[in-house]
Amino acid sequence: MLTPGSHPKRRRGAAAPVSAATAVLAVTALSLTARLAPPSHATLSPRANSVSAPAAARHGIHKIKHVVVIMQENRSFDSYFGTFPRAHGIPAHTCIPDPRRHRCAKPFHDRHNSNTGGPHGWDAAKADINHGKMDGFVAKSEQSAKARSDVMGYHNGRELPNYWTYARHYVLQDNMFEPVASWSLPAHLFLVSEWSARCSTHDPASCRSAVRGPDPPPTTPGGRKPIYAWTDLTYLLHAQHVSWRYYVMSGTQPDCVNGDITCAAVRQSPSTPGIWNPLPFFDAVKADRQRRNIKGLSSFFRSARAGTLPAVSWIAPSGRVSEHPPRRITAGQSHTTRLVNAIMRSPDWKSTAIFLTWDDWSGFYDHVAPPSVDGNGYGLRVPGLVISPYARKGFIDHQTLSFDAYAKFIEADFLGGQALDPATDGRPDPRPDVRERQPILGNLALDFNFNRRPRPPMILPRHPKTDLIP
């Protein structure tokens, strides 16, 4: 029996039984005890985690011409998929300390559309993980909340029908970790550059790791114009003439500086660099005159309709549809469904891989202690989904993954395996390691079956019926 703080075994993913969307609702009606039973699967071969770029090509990775990374906000894996059948979900008999009420707190089914969550900066991650015990969530949330903590709450397929349908028909990743045990800005910096740092000058050699507090943009209170002098992934893409876009939804920024729970709204658009739009501050982006590749969401929909999606896309939400507490889950699920439907209706669908994840855990409970790969990470576990006509059907991927795996896939598909490696990328910086080459990191190519014909699209309703309450 798994307990809070247990590490997952490295297992080969197993295909879960697939049914129609209505069956998702039937599954969630099972008893809590049955749904929380730990899964049992075969061990993942160590060689599977080290598929080289040539080997990935032999597996058919180049059938993917378009990679789209959709980044939502602030949910732990257990809070969204902790009761998903056969996934590495919440162990039975879980109970963690609640110091305010002098008892232990159990996971509970939360039907509320708007949640509170808890602090989710570097200090909060350290407290929640608590030396691998994974029992500090309630105590930390109660330090900043007067109301009853909801961090032990979880949602199921009745509240998340579209997300669970994607999981049942495509790929669910149940060991996807935030790349850094911190808040949104470091997570987004890792997403596009495999590092979070502070630089004293525009010389990359001046940069040093900063996972707790990289320089925030001037749009945030106390922020200033940061120097991001280290190398980002767009530098490699531009050098090899690989098209990319970073799509930003106009509105307000989804999160607060340093992972605070609430803060004053800050405007966001493609022309305003920010926590979810860090690329305009990267020296390489400016030097390559690539800021024009940062676009509004309307540009994404036009490209999808025309069949002209770039090779690599990242999509950042606005606050309203981000799922960042207290934003409504239904708004975020509808937003994501709209994006996925647009790709599925596109002429580009037959050659696209969609990677959907959430940038950090937002203080919500997760029982798996993050592996330690270097001085910067990993952070807590978040949901991960792969949606593609070549994605394995009903597959649960148990590999150890992080956002670094997205860069690894992009590099294998479009860059001949060239990584953000100071020794070989032509723009050296003092990053502590090459994250994409960590031995523990899995390979996303294993989530695909390139030997089959591409599957047709599965268009879902943007506003599905749910059991959520206000």
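As the structure is a prediction and not an experimental result, all values here were calculated from the model.

How each quantity is defined
- Residues numbered from 1 in each chain as written.
- Predicted model: local features only at pLDDT ≥ 70, side-chain atom pairs only at ≥ 80, totals over all residues.
- Heavy atoms only, no water.
- 1 Å grid on protein atoms, 1.4 Å probe; cavity = no way out; pocket = protein on both sides within 12 Å on 5 of 7 lines; lining within 4 Å.
- Points joined across faces, edges and corners; volume = space filled by probe spheres on them.
- Nonpolar A, V, L, I, M, F, W, Y, C, P; charged D, E, K, R; others polar.
- Buried < 20%, exposed > 50% of the residue type's maximum accessible area, 1.4 Å probe, protein only.
- Helix = DSSP H or I, 4+ residues; strand = E, 2+ residues; numbered from the N terminus.
- Pairing = 2+ DSSP bridges.
- Disulfide = S-S within 2.5 Å.
- Contact = heavy atoms within 4.5 Å.
- Patch = residues over 30% accessible without salt bridge, like charges linked within 9 Å, V, L, I, M, F, W, Y side chains within 5 Å.
- Areas by Shrake-Rupley, 256 points an atom, 1.4 Å probe, with all protein chains shown as cover.
- Salt bridge = Lys/Arg side-chain N within 4 Å of Asp/Glu carboxyl O.
- Lys, Arg positive; Asp, Glu negative; His and termini not counted.
- Charge placed at Lys NZ, Arg CZ, Asp CG, Glu CD.
- Core = buried A, V, L, I, M, F, W, Y, C linked by side-chain atoms within 4.5 Å.
- Phe/Tyr/Trp six-rings, centres within 6.5 Å; stacked < 30°, edge-to-face > 60°.
- Lys NZ or Arg CZ within 6 Å of the ring centre and 35° of its normal.
- Axes fitted to C-alpha atoms, helices over the stretch in contact; angles between N-to-C directions.
- Parallel < 35°, antiparallel > 145°, perpendicular 65-115°, else oblique.
- Left-handed = near helix turned anticlockwise from the far one by under 90°.

Novice: Break down the layout of surface pockets for me, with residues and values.
Specialist: Its volume calculated, the largest pocket comes out at about 340 Å³. In this structure, the largest pocket is lined by 18 residues; those nearest its centre are Trp122, Lys126, Ile129, Ala181 and Tyr378. Looking at the lining of the largest pocket residue by residue, the class counts come to nine nonpolar, seven polar and two charged.

Novice: Tell me about the pairing of strand β14 (residues 312–316), and please be specific about residues and values.
Specialist: With five of its five residues buried, β14 lies for the most part within the structure. Bridge analysis of strand β2 (residues 66–72) against β14 gives four bridges, and the strand direction is parallel. Its bridge partner lying in β14, valine 69 is registered against tryptophan 314.

Novice: So, the state of the cysteines: which residues are in play, and what are the values?
Specialist: A covalent bond between the sulfur atoms of two cysteines is what we call a disulfide. Summed over the entire model, instances satisfying the criterion amount to two disulfides. Paired by a disulfide, cysteine 95 and cysteine 104 hold their sulfur atoms 1.9 Å apart. With the S-S bond torsion at 85°, the cross-link from cysteine 95 to cysteine 104 turns out right-handed. Between the sulfur atoms of cysteine 199 and its disulfide partner cysteine 207 the distance amounts to 2.1 Å. Taking the sign of the S-S torsion, 100° for the link of cysteine 199 and cysteine 207, the bridge is right-handed. Assessed through its relative accessible area of 5%, cysteine 199 is described here as buried.

Novice: With reference to specific residues and values, describe the environment of valine 321.
Specialist: With respect to the helices and strands, the residue valine 321 is situated in the loop between β14 and α12 (329–344). Separated by 69 residues in sequence, valine 321 and threonine 252 have C-alpha atoms that sit 10.0 Å apart. Once you skip the residues sitting within four places of it in the chain, valine 321 turns out to touch Gln72, Met249, Ala331, Gly332 and His335.

Novice: Residues and numbers for helix α8 (residues 184–193), please.
Specialist: Extensive coverage of α8 is indicated by the burial of ten of its ten residues. Among all positions in α8, only Ser184, Leu185, Pro186, Ala187, His188, Leu189, Phe190, Leu191, Val192 and Ser193 are buried. Along its buried surface, α8 packs onto β2, α9 (233–239), β10 (244–248), β14 and α13 (404–414). With its phi angle positive at about 65°, glutamate 194 sits one or two positions after the end of α8.

Novice: Tell me what's going on with a positive patch on the surface, and back it up with residues and numbers.
Specialist: Together, Arg289, Arg292, Lys295, Arg302, Arg305, Arg338 and Arg462 make up a region of like positive charge exposed at the surface. Along the chain, the position of arginine 305 falls in helix α11 (residues 297–306). On the basis of relative accessibility, which here comes to 61%, the residue arginine 305 falls in the exposed class.

Novice: If you had to explain the pattern of salt bridges to someone new, which residues and values would you point to?
Specialist: Per the counting criterion, the structure on display carries twelve salt bridges. One salt bridge in this structure joins aspartate 374 and arginine 435, with 2.9 Å as the shortest N-O distance. Of the two residues, aspartate 374 sits in the loop between β15 (352–358) and β16 (381–387) while arginine 435 sits in the segment after α13, which places them 61 residues apart along the sequence. You can call aspartate 374 buried: its relative accessible area is 16%. Judged by its relative accessible area of 1%, arginine 435 falls in the buried class.

Novice: Just give me the short version of the nonpolar core, but keep the residues and values in it.
Specialist: Counting residues in hydrophobic clusters, the biggest one holds 107 residues, and the most contacted among them are Phe81, Phe300, Trp314 and Phe355. Aside from chain neighbours lying at most four places away, what touches phenylalanine 300 is Tyr247, Leu309, Ile315, Leu339, Ala342 and Ile343. Core analysis: the next-biggest nonpolar cluster, separate from the first, contains 17 residues, Ala105, Ile129, Tyr154 and Trp361 among them.

Novice: Mind laying out the packing of aromatic side chains, listing which residues take part and the relevant values?
Specialist: Applying the stated criterion across every chain yields a total of 25 aromatic pairs. Judged by centre distance (5.8 Å) and plane angle (70°), the rings of tryptophan 195 and tryptophan 230 are edge-to-face. Linking tryptophan 195 in the loop between α8 and β8 (197–199) with tryptophan 230 in the loop between β9 (207–209) and α9, this pair joins segments that are 35 residues apart in sequence. The same class applies to tryptophan 195 as to tryptophan 230, namely buried. Every member of this aromatic cluster is reached through a ring pair, and the members are Phe355, Tyr390, Phe403, Tyr406, Phe409, Phe448 and Phe450. In this structure, arginine 392 is placed above the aromatic ring of phenylalanine 395, and the distance from its NZ or CZ to the ring centre is 4.6 Å.

Novice: Got a sec to walk through the side chain of glutamine 72? Specific residues and values, please.
Specialist: Tracing the sequence through the fold places glutamine 72 in strand β2. Among all residues touching glutamine 72, those that are not within four sequence positions of it are Tyr163, Pro317, Val321, Ser322, Glu323, Gly332, His335, Thr336, Leu356, Thr357, Trp358 and Asp359.

Novice: Now, about unusual backbone geometry: what can you tell me, with residues and values included?
Specialist: Cis geometry marks the peptide bond from proline 325 to proline 326; its omega dihedral reads 10°. Summarising the element assignment, proline 326 is placed in the loop between β14 and α12. In this structure, the amide linkage connecting glycine 377 to the following residue, tyrosine 378, adopts the cis form with an omega of 5°. Here tyrosine 378 is to be found in the loop between β15 and β16. For serine 362, which is not a glycine, the phi torsion comes out positive at approximately 60°.

Novice: Would you mind going over the packing of α11 against α12 in detail, with residue names and values included?
Specialist: At a closest axis distance of 9 Å, the pairing of α11 and α12 adopts a crossing angle of 30°. When the interaxial angle is binned, α11 and α12 end up roughly parallel. You can see that α11 and α12 cross each other, and the crossing is left-handed. Across the interface between the two elements, Leu297, Phe300, Phe301 and Ala304 of α11 pack against His335, Arg338, Leu339, Ala342 and Ile343 of α12.

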